[in-house]
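Chain residues, written in single-letter form:
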Amino acid sequence: MKVLKEIGDLRKEVRSVRRKGLKTGFVPTMGFLHEGHLSLVKQANAECDLSFVSIFVNPLQFNNKSDLENYPVDIPRDLKLLEECKTDFVFIPHYSEVYSAGSQTRIDTGDLGKDYEGAFRPGHFAGVVTVVSILFNLVQPDIAVFGEKDFQQLRIIEQMVDDLKFDIQIRRGKTVREADGLAKSSRNVRLSSSQREQALLISQGLQEALSLFRSGEKDAAKLQSVVTEKLARGKEVNMEYVSLVEEESLSPIAEATENTRILVAASVGPVRLLDNIRLEA
Ligand code: PAF
């Protein structure tokens, strides 16, 4: 596994890999890796000859200074996990490698980025797609894998690739969960044990809504209230949104179908968590 910090070194490797005609997969991350990230790397490895992973905590996508300051970092641990996963190249750039001095260009994410995370974290998605497009230009992969846990982000990136004609296929990675259902997230380490218990209400609420849907309930308001009532039981849980949306457009729906996702954001104590579920039979 080669660790690269500078754009010049990355470009040399990318050119050499492309000359050999090898198929490459890319997983962009902000580090502090968990099994969710590693499953994306394994997915890239299974489909490609070589894999690239980037680790870059992107200040542009944090609208909250304390969230950025408290974002966990452990590069030696990440490198060990990536080595075990047979990653070929890890790119760990400094801020000044990614953003040129006086950098100004930002990508607008349109309607897909307006609601849900977009409403609660102004500027977040412009920061995400700007860094992802910079990384795509540098790594030039054939495929890039993104987790379904950040479903709105995934849809926005799929749309960006289509709109800006990146020659890259986006693959979806399934959400990886702890044995008790909590969606894996780098932020979970900041939960106290009582907060972690309360965080379980999110995946439990989503599972209950799915069961109700499977037993024939299609009314979006009723399915939504199953989740909101569940979250209300956690004394440190502050719900931000529970929204039933159509999978492609992310528009709110009144009647649930098999193309519906329930998107949830809630903070539990100081930690903001996201989860979602597809209502499938
Ligand atoms: O999902 C993430 O970890 C980040 O938003 C990403 C895609 C690596 C961009 O910084």
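Preceding block: the structure.
Undergrad: I keep staring at the layout of surface pockets and nothing clicks. Help me out?
TA: To find leftover empty space, a probe the size of one water molecule is rolled over the atoms. Of the volumes computed, that of the largest pocket is approximately 250 Å³. Around the largest pocket, the lining is made up of 13 residues, and of these Glu148, Arg261, Ile277, Arg278 and Glu280 lie nearest the centre. Elements with a minimum of two residues in the lining of the largest pocket: helix H9 (193-214) and strand S9 (271-278). Here the residues of the lining of the largest pocket sort into 2 nonpolar, 3 polar and 8 charged. Taken as a whole, the second largest pocket holds about 180 Å³ of empty space.

Undergrad: Just checking my understanding: could you explain the packing of helix H7 (residues 124-139) against helix H8 (residues 151-163) for this structure?
TA: The axes of two packed helices give the description: the angle between them and the distance between them. Viewed as axis vectors pointing N to C, H7 and H8 meet at an angle of 50°, and their least axial separation amounts to 11 Å. Taken as axis vectors, H7 and H8 run oblique relative to one another. Where H7 crosses over H8, the handedness of that crossing is right-handed. Within the contact between the two elements, H7 uses Phe125, Val128, Val129, Val132, Ser133 and Phe136 and H8 uses Gln152, Gln153, Ile156, Ile157, Met160 and Val161.

Undergrad: What is the right way to look at the packing of aromatic side chains in this model?
TA: The relative placement of two aromatic rings is captured by the distance of their centres and the angle of their planes. Using the criterion set out here, one finds 9 aromatic pairs in the structure. Look at Phe52 and Phe89: their rings are 4.7 Å apart centre to centre, the planes differ by 20°, and that puts the pair in the stacked class. Of this pair, Phe52 sits in strand S3 (residues 50-55) while Phe89 is found in strand S4 (residues 89-91), placing the two residues 37 residues apart along the sequence. Side by side, Phe52 and Phe89 carry an identical accessibility label, which is buried. A network of ring pairs unites the aromatic residues Phe26, Phe136, Phe146 and Phe166 as a single cluster. Sitting above the plane of the Phe213 ring, Lys218 keeps its charged end 4.4 Å from the centroid.

Undergrad: Before we go on, may I ask you to explain the nonpolar core in this structure?
TA: Soluble globular proteins: nonpolar side chains tend toward being buried together. In this structure, Leu10, Val132, Phe136, Phe146, Ile157, Met160 and Ile170 are the most contacted members of the largest nonpolar core, which totals 42 residues. Elements with a contribution of two residues or more to this core: helix H1 (7-19), S3, S4, H7, strand S5 (143-147), H8, strand S7 (237-246) and strand S8 (260-268). Per element, the largest residue contribution to this core is 9 residues, and it comes from H7. Residues contacting Ile170, with those up to four places away along its chain left out, are Phe136, Ala144, Phe146, Leu154, Ile157, Glu158 and Val161. Within the second largest apolar cluster, 27 residues are counted, among which are Ala199, Leu210, Phe213 and Ala220.

Undergrad: Mind showing me how you'd approach the pairing of S3 here?
TA: Side chains on a regular strand alternate between the two faces of the sheet. Judged by how many residues are buried, S3 sits mostly within the fold: 6 of 6 residues are covered. Side chains Leu50, Phe52 and Ser54 of S3 all project onto a buried face; the interleaved residues Ser51, Val53 and Ile55 project onto the opposite face, where all are buried too. Pairing of strand S2 (residues 24-29) with S3 involves 6 bridges; the strand directions are parallel. Within S3, the position partnered with Thr24 by the bridge is Leu50. In this fold, the crossover linking S2 to S3 by way of helix H2 (residues 35-47) has right-handed handedness.

Undergrad: So what exactly am I meant to see when it comes to a positive patch on the surface here?
TA: Residues Arg11, Arg15, Arg19 and Lys20 make up a contiguous surface patch of positive charge. Mapped onto the elements, Arg11 comes out in helix H1.

Undergrad: Before we go on, may I ask you to explain the environment of Ile92 in this structure?
TA: Relative to the helices and strands, Ile92 resides in the loop between S4 and helix H5 (95-98). Residues Ile92 and Glu197, 105 residues apart in the sequence, show an inter-C-alpha distance of 34 Å. Ile92 has contacts with Val3, Leu4, Lys5, Ile55, Ile75 and Leu79, leaving out every residue within four places of it along the chain.

Undergrad: How should I be thinking about the sheet that holds S5 in this particular structure?
TA: The strands making up a sheet associate through hydrogen bonds between their backbones, and the pairing can be parallel or antiparallel. The 6 strands lie next to each other as S1-S4-S3-S2-S5-S6, forming an open sheet whose pairing is parallel. Either end of the sheet is taken by a strand with one partner, and the two such strands are strand S1 (2-4) and strand S6 (169-173). Averaged over all pairs of adjacent strands, the angle between their axes in this sheet comes to 25°, without regard to strand direction. Direction of pairing for S1 relative to S4: parallel, over a ladder of 3 bridges. Across the sheet, the residue bridging to Leu4 is Phe91, located in S4. Across the face of the sheet, H2 comes into contact with S2, S3, S5 and S6 while running at roughly 155° to S5.

The rules behind each value
Residues numbered from 1 in each chain as written. Predicted model: local features only at pLDDT ≥ 70, side-chain atom pairs only at ≥ 80, totals over all residues. Heavy atoms only, no water. 1 Å grid on protein atoms, 1.4 Å probe; cavity = no way out; pocket = protein on both sides within 12 Å on 5 of 7 lines; lining within 4 Å. Points joined across faces, edges and corners; volume = space filled by probe spheres on them. Helix = DSSP H or I, 4+ residues; strand = E, 2+ residues; numbered from the N terminus. Nonpolar A, V, L, I, M, F, W, Y, C, P; charged D, E, K, R; others polar. Axes fitted to C-alpha atoms, helices over the stretch in contact; angles between N-to-C directions. Parallel < 35°, antiparallel > 145°, perpendicular 65-115°, else oblique. Left-handed = near helix turned anticlockwise from the far one by under 90°. Contact = heavy atoms within 4.5 Å. Phe/Tyr/Trp six-rings, centres within 6.5 Å; stacked < 30°, edge-to-face > 60°. Buried < 20%, exposed > 50% of the residue type's maximum accessible area, 1.4 Å probe, protein only. Lys NZ or Arg CZ within 6 Å of the ring centre and 35° of its normal. Core = buried A, V, L, I, M, F, W, Y, C linked by side-chain atoms within 4.5 Å. Pairing = 2+ DSSP bridges. Right-handed = clockwise from strand over helix to strand, strands pointing away. Patch = residues over 30% accessible without salt bridge, like charges linked within 9 Å, V, L, I, M, F, W, Y side chains within 5 Å. Areas by Shrake-Rupley, 256 points an atom, 1.4 Å probe, with all protein chains shown as cover. Salt bridge = Lys/Arg side-chain N within 4 Å of Asp/Glu carboxyl O. Lys, Arg positive; Asp, Glu negative; His and termini not counted. Charge placed at Lys NZ, Arg CZ, Asp CG, Glu CD.

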